[in-house]
Amino acid sequence: MADNNLFSLRIITPDRVFYKGEVSMVEFNTIEGEIGVLKKHVPTTVIISPGILTITEAEGTREAALHAGFAEILQDEVVILAEIIEWPAEIDTERAQRARARAEERLRSKTPETDILRAETALQRALARISVMK
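Fair warning: this is a prediction, and the values are worked out from it, not measured in the lab.

Novice: Just checking my understanding: could you explain the nonpolar core for this structure?
Specialist: Note on soluble globular proteins: their nonpolar side chains tend to be buried together. In terms of nonpolar packing, the biggest core is built from 23 residues, with Leu-9, Ile-11, Phe-28, Leu-53, Ile-55 and Ile-80 touching the most fellow members. Among the elements of the structure, strand S1 (7–12), strand S2 (17–23), strand S3 (25–30), strand S4 (33–37), strand S5 (44–48), strand S6 (51–57), strand S7 (60–73) and strand S8 (77–86) are those that each provide at least two residues to this core. Residues in contact with Phe-28, not counting those within four places in the same chain, are Gly-33, Glu-34, Ile-35, Val-37, Val-46, Ile-48, Ile-52, Leu-53, Leu-66, Ala-71, Ile-73 and Ile-80.

This is the structure in structure tokens:
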């Protein structure tokens, strides 16, 4: 018997189809805060902000570091167009730690040349990579 609470999730990047399957829930960050999507969600389009994407499948949950993009949410389908998304096995932990340290240093120094928004986004991306590794 089919599970009536499942919906289609597709995650597409510029270079690959990252994920395609039937899920019961997907959670991720938007510029307006965290969102959890179930079947029959109110149709909407959102802008993604860096964080952890959690996919709930029949077999359990999977997590990935999602950095930027857009999501189209329909009642029986979610399509995420992601700039960058990575499974934990694809992440270089040492590189993520170095990126976090650089972003924190830029935010601490705050010189007139410092692009605060860019440094904050770099820090969020590094933290998402590090968090999904745990």
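Next comes the rest of the account.
Novice: Even after reading the chapter, I still don't get the pattern of salt bridges, so can you show me in this structure?
Specialist: Between side chains of opposite charge, a pair can form as their charged atoms come close. All chains considered together, the criterion is met by 7 salt bridges. The salt bridge partner of Arg-62 is Glu-57, with a shortest N-O separation of 3.9 Å. Given the relative accessible area of 15%, Glu-57 is considered buried. The partner of Glu-105 in a salt bridge is Arg-108, with the nearest N and O atoms 3.1 Å apart. With Glu-105 and Arg-108 both in helix H1 (residues 93–109) and 3 residues apart, the pair spans about one turn of that helix. Classification of Glu-105 as partly exposed rests on a relative accessible area of 40%.

Novice: Is there a simple way to think about a positive patch on the surface in this case?
Specialist: A surface patch of positive charge is lined by Arg-95, Arg-98, Arg-102, Arg-106 and Arg-118. Among the elements that take part in the positive patch, H1 stands out by supplying 4 residues, more than any other. Here Arg-106 shows up in helix H1.

The rules behind the values
- Along every chain, residues carry numbers that run from 1 in the direction the sequence is written.
- Per-residue local features of the predicted model are confined to residues with pLDDT of at least 70, and side-chain atom pairs are confined, for both listing and counting, to 80 or more; whole-chain, interface and lining totals are unaffected and use all residues.
- Values shown for side chains rest on all heavy atoms present in the structure; no hydrogens or waters enter the calculation.
- The term nonpolar core refers to a set of buried residues drawn from Ala, Val, Leu, Ile, Met, Phe, Trp, Tyr and Cys, joined through side-chain atoms within 4.5 Å.
- The classification of residues rests on relative accessible area computed with a 1.4 Å probe and restricted to protein chains. Under 20% of the type maximum is buried, over 50% is exposed, and intermediate values are partly exposed.
- Helix and strand definitions here come from DSSP, where helices need a minimum of 4 consecutive H or I residues and strands a minimum of 2 consecutive E residues; each element is numbered from the N-terminal end.
- Throughout, a residue-residue contact means that at least one pair of heavy atoms, one from each residue, lies within 4.5 Å.
- What makes a salt bridge here is a side-chain nitrogen of Lys or Arg within 4 Å of a carboxyl oxygen of Asp or Glu, nothing more.
- Like charges are joined within 9 Å and nonpolar side chains (Val, Leu, Ile, Met, Phe, Trp, Tyr) within 5 Å, but only among residues with over 30% relative accessible area and no salt bridge; these make up the patches.
- What sets the accessible areas is the Shrake-Rupley method with a 1.4 Å probe; for residues, cover comes only from the shown protein chains.
- His is not counted, nor are the chain ends; Lys and Arg add positive charge and Asp and Glu add negative charge.
- In plain terms, the charge of a residue is placed at NZ if it is Lys, CZ if Arg, CG if Asp and CD if Glu.

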